[in-house]
Number of protein chains: 2
Amino acid sequence: MNHASLKRDTRAFACEALVRCQRLAGFSEDNGSIRRTFLSPPMRDCYREITAWLEPLGASVRVDAAGNLRALYPAENPNAPCLLIGSHLDTVPNAGAYDGVLGVVLAVTLLQNLSGRRLPFAVEVVGFSEEEGVRFGVPFLGSRALVGRLDDELLAHCDQHETSIRSVIEQFGLHAAEIPQAAIPDNVLGYLEFHIEQGPALESAGLALAAVEAIAGQTRLELTFVGRANHAGTTPMNLRYDAMAAAAEWISTVERRAKRTSGLVATVGTILVKPGATNVIAGETRLSLDVRHKADQIRNSAVGYFIRQAEDIARRRGLRARCKVQLDQRAVPMDPFLVKQIDEAIASVGCEPHRMVSGAGHDAMILAEKIPCAMIFLRTPGGISHDPAESVELEDVVKAIDCGSLLLDQLASSPQFLSGTQRA
Amino acid sequence: MNHASLKRDTRAFACEALVRCQRLAGFSEDNGSIRRTFLSPPMRDCYREITAWLEPLGASVRVDAAGNLRALYPAENPNAPCLLIGSHLDTVPNAGAYDGVLGVVLAVTLLQNLSGRRLPFAVEVVGFSEEEGVRFGVPFLGSRALVGRLDDELLAHCDQHETSIRSVIEQFGLHAAEIPQAAIPDNVLGYLEFHIEQGPALESAGLALAAVEAIAGQTRLELTFVGRANHAGTTPMNLRYDAMAAAAEWISTVERRAKRTSGLVATVGTILVKPGATNVIAGETRLSLDVRHKADQIRNSAVGYFIRQAEDIARRRGLRARCKVQLDQRAVPMDPFLVKQIDEAIASVGCEPHRMVSGAGHDAMILAEKIPCAMIFLRTPGGISHDPAESVELEDVVKAIDCGSLLLDQLASSPQFLSGTQRA
């Protein structure tokens, strides 16, 4: 099978995949925009719809106790191991149609593309119930259940209406007591996920697909400069303790360092000013900082530099700087064997192999605690995601389907993969 | 009379003045903090209290149709001209006890200190009803009435409850139709105002008093940087259109230029960020800029520079900058003759004469349209005003009273002043 013939076969599947994403986009909590949070009523419509796609392909579909859609496409052999392929079904508010959903739809398409052919491993399509963390402020509820981390403590976690995760599960008609059965068995070989890049890197490089080699580690901190509020008209420049000017100097410092450190991203996305009036010098500014890199050491070193710079700026200006680290999450490498296999599959569909780091968190990050994981990113036009304007190119979806189908064939013929010996 | 004897006589008056400020502070709309806006119920208590201080001194007291307290202390001669002395009685929310009020109280003290002696000019003590602009967003309502600018258009201006200035006046029991009678007659020689500096300059220079030579001109503008919101984790530094980073660069530019321009103050006191999330690059920032200087040409040149810099920064970063000038108010010079007289009076009480520019607006700015005006600033501990911690030193009040009394004597013996020939 060469690339040209693959393309002719898969174009129809790619069109259908995009139509299916749009169909799922219609299942929303909001009128006129997409919002589908954990176990919300439209999630039931998703299950019904996707089940109707999967059952004719020979998959047996269930919804586990954490609300994940699980569809098992059997292997040639009943005792064969299993490969998970999927993504998440929940969305942010005012979402696009592809973030998460496209990965689930493409997993279905890969089964379609097998045309009934069985592989030496079963394929389980997973549609995770919760990845975005919208309703409970805690992301990855679905994938946590697969690694045994949706525990009693987390189940007691409440949303803003004081409703716990456990209650939501029970009210939906599921049984929290059965969550342990959602955990993946020992014979799972790995997890593959297609996802839109959600950034401009692939578009900027003129590439359709990339293998994700790692999910970046992340530090979030809150920085406060405490100066002295004063009258903007009566306080000479040299007698000011201006928390806004200090913040500005620091933001520029952060940007400069991030720009000169390869692969580092550092973002000040919020600033609150007290008292916050046109004619009053800022007495206090509170800023958020988000720092990510694939190498924890580089990220930690940058964070240390940013904190020291804040202290220096504050000292030099007669202010105080306070820093609170709110998140310090290590980088998660993807499975090197799977990443290499993806490189090969990408090359086989006529694309230039490209590896990148995911700056965003994904379910693969959670599953990687237990099983080999890898992701394939699709170019995101304009880098726009979490927005109604989110989109994906039909040609790129064609390539993703071909790449995924080739990847399944490569893995099916890899004794190393089938025996699980690629694992460290 | 030498300085030492003056001090002994006036210390008791200074103590009483401070006690009177505290007494007026008790007349508040709020429990536990000071707020006294235009024609609010506690304003009636102020009128009653101040009237009770003034009538025994031989002054005839009225409240004009704009709510200004007007107390006429007659001259030696019934046809003599008149000098206004005063300040405002309204306050900001959570105010201190001295801003405005001290100037009215000291005007009363100057009459006390005359011990019944009449001058070749009448003295009218004025307690302006509205200077801060809290309730209607428009300041100087009281002094506008004195120069004939509290007109029908302004009277129709409404507060946030859709109540017009005219209604508030009528509801208080005053008659808007009589506002023309609040205007000052042609025989007014000038206006003097004592006011706390509201800034740290005098304290920093180790001085008690200063003559205000001008009220700074002021530009207020709103600047918006429009970039592109994007994912903080997935957007490389070189592919960002970060409105926060642009804002930071501009704030630093503003601060640098203001620091190197003598007498210029420039303040970014507010910033609003959209969307304003830790993990989202800012797509838009909206900032306020407040620029003041005694020379309009220097202020305008700085404002032009700030706007050009914003445009340059935006262009270089691929953003757009939008600028909206919200206020462009010329500087108002104080009367040179009166300023010189104040210099002399300050020197006579043993202080170093010092001139300064008021960065804040004052009623004197409005009255200067019609009559010679001058102000005397008192050192403000910590530069703190518009705050419950606002204070003033007893010793400085003693000096202010002595200075004011000497100034009245100087003016009483100045044929130039009495004939009004000092005016341009």
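Criteria and cut-off values
- Residues numbered from 1 in each chain as written.
- Chains lettered and ligands numbered in written order.
- Predicted model: local features only at pLDDT ≥ 70, side-chain atom pairs only at ≥ 80, totals over all residues.
- Heavy atoms only, no water.
- Axes fitted to C-alpha atoms, helices over the stretch in contact; angles between N-to-C directions.
- Helix = DSSP H or I, 4+ residues; strand = E, 2+ residues; numbered from the N terminus.
- Parallel < 35°, antiparallel > 145°, perpendicular 65-115°, else oblique.
- Left-handed = near helix turned anticlockwise from the far one by under 90°.
- Contact = heavy atoms within 4.5 Å.
- Nonpolar A, V, L, I, M, F, W, Y, C, P; charged D, E, K, R; others polar.
- Salt bridge = Lys/Arg side-chain N within 4 Å of Asp/Glu carboxyl O.
- Buried < 20%, exposed > 50% of the residue type's maximum accessible area, 1.4 Å probe, protein only.
- Pairing = 2+ DSSP bridges.
- Buried area = accessible area lost by both parts, 1.4 Å probe.
- Least-squares fit on C-alpha atoms with pLDDT ≥ 70 in both.

1. Focus on the packing of helix 8 (residues 243-259) of chain B against helix 9 (residues 296-317) of chain B
Residue and element names in this part refer to chain B.
Next up, step 1: Across the interface, helix 8 lies against helix 9 with an axial gap of 10 Å and an inter-helix angle of 150°. In terms of their interaxial angle, helix 8 and helix 9 are classed as roughly antiparallel. As helix 8 runs across helix 9, the sense of the crossing is right-handed. Here Ala245, Ala246, Glu249, Trp250, Thr253, Val254 and Arg257 of helix 8 come into contact with helix 9, specifically with Ser301, Ala302, Tyr305, Phe306, Gln309, Ala310, Ile313, Arg316 and Arg317.
Next up, step 2: The class makeup of the residues in the contact of helix 8 with helix 9 is nine nonpolar, three polar and four charged.

2. Some thoughts on the pattern of salt bridges
Next up, step 1: Scanning all chains against the criterion turns up 56 salt bridges over all chains.
Next up, step 2: One salt bridge connects Arg70 of chain A with Asp64 of chain A, and the closest N-O pair in it is separated by 2.7 Å. Asp64 of chain A shares its class with Arg70 of chain A; the two are buried.
Next up, step 3: Of the charged contacts, one joins Lys324 of chain A and Glu222 of chain A as a salt bridge, the two residues approaching to 3.7 Å between their closest N and O atoms. Placement of the pair is Lys324 of chain A in strand 13 (residues 320-329) and Glu222 of chain A in strand 7 (residues 217-226), with a sequence separation of 102 residues.
Next up, step 4: Taken together, the salt bridges that share partners define one network made up of Glu249, Arg316 and Arg317 of chain A together with Glu255 and Lys259 of chain B.

3. What to know about the pairing of strand 16 (residues 373-378) of chain A
All names here are of chain A.
Next up, step 1: Of all six residues that make up strand 16, six are buried, and the element is covered over most of its length.
Next up, step 2: Examined bridge by bridge, strand 5 (residues 188-196) and strand 16 share six bridges and lie parallel to one another. Each bridged residue has a counterpart across the sheet, and for Ile196 the counterpart in strand 16 is Leu378.
Next up, step 3: Note: strand 6 (residues 209-215) against strand 16, four bridges, orientation antiparallel. Along strand 16, the bridge assignment pairs Ala211 with Ile376.

4. Looking at the interface of chain B and chain A
Think of interface size as the accessible area that goes away when the parts come together; that is how it is often given.
Next up, step 1: Counting from both sides, the interface comprises 50 residues of chain B and, opposite them, 49 residues of chain A.
Next up, step 2: At the boundary of chain B with chain A, total buried surface from both sides reaches about 4100 Å², with 61% on carbon and sulfur atoms.
Next up, step 3: There are two salt bridges connecting chain B and chain A.
Next up, step 4: Between Glu255 of chain A and Arg317 of chain B there is a salt bridge, and its shortest N-O distance comes to 2.7 Å.

5. Some remarks on the relation of the copies chain B and chain A
Here two copies of a chain appear, and what relates them is a rotation about an axis with a shift along it.
Next up, step 1: With an RMSD of 0.1 Å, chain B superimposes on chain A once it is rotated by 180° and translated 0.0 Å along the axis. Taken together, the turn and the small shift mark the pair as related by a two-fold rotation axis. Residue Ala248 of chain B of chain B places its C-alpha closer to the rotation axis than any other residue of that unit, at 2.1 Å.

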